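# Coordinate inspection notes
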Amino acid sequence: MVASLFRKIADINKLASFWFSLLFLTVFVIITFFSLLHYFSLGEIKNLLSDQYTRYVIKFTFFQASLSTIFTVILSVPIAIAFHRRIDFFGREMLLRLINLAFIMPAIILIIGVIIVYGKNGWINKNLEAFFDFSLGYSIYGIAGVLLGHLAFCVPIMVRVILNCLDSISEETWRLTSQLNFSNRDIFRIIEWPHIRLATMSLSILVFMMCFTSFTIVLALGGGPNVTSIEVAIYHALKLDFNLSLASNLALIQVAVCFVLMFVLDMSNIPLLTGVTRKIKRFYRPNLNNKLLLILDIIFIGILFIIVLMPVLAVIINGFNSKFLYMIQSEELWNSIRQSFYISIFSSLLNLFITLSLVSGAFYFNYFANKPKWVGYIRLLSNAKLIFPSFVLSAGLFIALNHIIPIKSISFYLIIIMNTIVALPFAMNIILSPSLSFSKQEIYLAQSLNIKGWNFIRLIYWPKLRKSISYAFALVMAIAWGDINVTALFNDGDFMTLSLLLYNLMSDYFIEESYVVALIILVTTLFIFSVIEEFLGGDQEEC
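Now for a quick tour of the structure. (Residues numbered from 1 in each chain as written. Predicted model: local features only at pLDDT ≥ 70, side-chain atom pairs only at ≥ 80, totals over all residues. Heavy atoms only, no water.)

## Remarks on the packing of aromatic side chains
Rule in force here: Side-chain rings of Phe, Tyr and Trp, where Trp is taken by its six-membered ring, are said to pair if the distance between their centres is within 6.5 Å; with planes under 30 degrees apart they count as stacked, over 60 as edge-to-face, and otherwise as tilted. Every helix listed is a DSSP run of H or I at least four residues long, and every strand listed is a run of E at least two residues long, numbered separately from the N terminus. Each residue is placed in one exposure class: buried if its accessible area under a 1.4 Å probe, protein chains only, is under 20% of its type's maximum, exposed if it is over 50%, and partly exposed if it falls in between.
Within the structure shown, the criterion is met by 20 aromatic pairs. Centroid distance F62 to F208: 6.3 Å. Interplanar angle 40°. Geometry classified as tilted. Note that F62 is positioned in helix α4 (residues 52-85) and F208 in helix α10 (residues 184-212), a separation of 146 residues in sequence. On the basis of relative accessibility, which here comes to 32%, the residue F62 falls in the partly exposed class. These aromatic residues form a ring-pair network of at least three members: F18, W19, Y364, F365 and W374.

## Let's talk about the side chain of S229
Note the threshold: We call two residues in contact when some of their heavy atoms are within 4.5 Å.
Of note, S229 is situated in the loop between α11 (216-221) and α12 (230-240). Setting aside anything within four residues of it in sequence, one finds S229 in contact with V57, T61, S214 and V218.

## Focus: the nonpolar core
What counts is decided by this rule: To qualify as a nonpolar core, a set must consist of buried Ala, Val, Leu, Ile, Met, Phe, Trp, Tyr and Cys residues joined through side-chain atoms within 4.5 Å.
Ranked by size, the top nonpolar core spans 183 residues in total, and within it I109, I234, L238, L358, F490, L502 and V517 carry the most contacts. Per-element accounting of this core gives the leading share, 16 residues, to helix α20 (residues 407-435). Not counting residues up to four positions away in its chain, the partners in contact with L238 are L244, A247, A395, F398, I399 and L489.

## Points about unusual backbone geometry
Its identity is not glycine, yet Y509 carries a phi of approximately 65°, on the positive side. Looking at the element boundaries, Y509 is found in the loop between α24 (498-507) and α25 (511-537).

## Focus: the packing of α4 against helix α14 (residues 291-319)
Geometry of a packed helix pair, given as the angle between the helix axes and the separation of the axes. The condition is simple: For helices, the axis comes from a line fit to the C-alpha atoms of the stretch in contact; other axes are also lines fit to C-alpha atoms, and the angle between any two N-to-C directions lies between 0 and 180 degrees. Oblique is the label for any angle not under 35 degrees, not over 145, and not in the 65 to 115 range, which are roughly parallel, roughly antiparallel and roughly perpendicular in turn. Should the near helix be turned counterclockwise from the far one by less than a right angle, the crossing is left-handed, whereas a clockwise turn marks it as right-handed.
At a minimum axis separation of 9 Å, α4 and α14 run at an interaxial angle of 115°. Comparing the axis directions of α4 and α14 gives the class roughly perpendicular. As α4 runs across α14, the sense of the crossing is left-handed. Contacts between α4 and α14 involve L75, P78, I79, A82, F83 and R85 on the former and, on the latter, L293, D297, F300, I301, I303, L304 and I307.

Listed below in structure tokens is the structure:
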């Protein structure tokens, strides 16, 4: 009995960082949730739902999320199939890299690119006027802008995951389809759709959740109170009206919807961010010479080019303007870069510590304690951000601490903590799956050879997970570098990040200056992500 007690104490000591991280996340979620429940009342919810404007905001949030999801699926599936079918066209590798980078592209940069390309005085309208003396009479600010922003953000992500599913189809399968003389419809119905069906359905739920909880895109492109979402309404209730009760009850409505969606998504059990591949897989497909398919593929790849590449090119081209040298010498810009660097590096380090602590616990429970259910609990807790969207978590933390300590005095640390929590599901999905891919035989062999502790990490664990860990670290740092959701709520003007500087310049109509800052954010984000991934990840092909 005493020996068993000492073994349990030893196990607890081995997993000290795991228990600390688990306690930290549990306390954080409980504090956030109960601070929202403090203002909860059925009467207030009924009043909210009976208020005409609140009902409109809720309906519009569902409407724009549903519309964004439908258009994303309609475009992403044929684009992914076309991209998979054509492996030799010029610019494919560049488009593939841009699709991969969609995970870390700051939303504010996509917004700038969308305005430059599709705006009233954007590239498309200017070219239509120049060549056809005709322009599209619409405003980018409104439902059209919100949909374009969501498509620019969600389509690349969905295309990338569906493309991974299509890449899993074996070469032998394609040879068999050729021998059986399958038609294009048969290839889609029998071969392609079964491989992408489950992922497409899961991604549809994820895209809906992303659009339902959208903040930056709706705030910047909504254009006013008629085009707003629950998340923006929470922001206005906290920052402008300081109505904590309204913010709490709106947040709880959003949590209820996200909980149902997260439950459905979790049942599909598909890891959506397992890493990215840079290999171009070559194989023979029987329908490559079909002229109609070739025309359709050109159209859909062209749509992908317009959605993904044109906004990025717009930011790069418009960033080199007459204000470029002036902004480069601006002290405010360099202060913003310094603050963004501090926030991103501390957020990514804290995130990596918590992620690896949780993963080490999952590894122990799966291989040594024979308690695989704990892996599910750990995964569920780390995905709390999907149930509690980033702005809801921020609102709960804001409400919990507001009466205890001045938010202004700890805003820098709160932003770091929130960025850590927001990026946790992505980092966990990337690292956890390969961490649990060891076979029982590998673990037993390591034990029999007395490869334990640091030697196990150095010789076995790190080589297998190096690429995943480096990718997760680079992803989290890039997300924190371009974040505006959390910073907009907690920052009271004491310090400025790059994304907040860009938003302020846009709000004050310093257009050329905002283009320069957008270019700097884009270049630095891609630089940070690429350098960290390459430096830490080595030269493996896949992660």
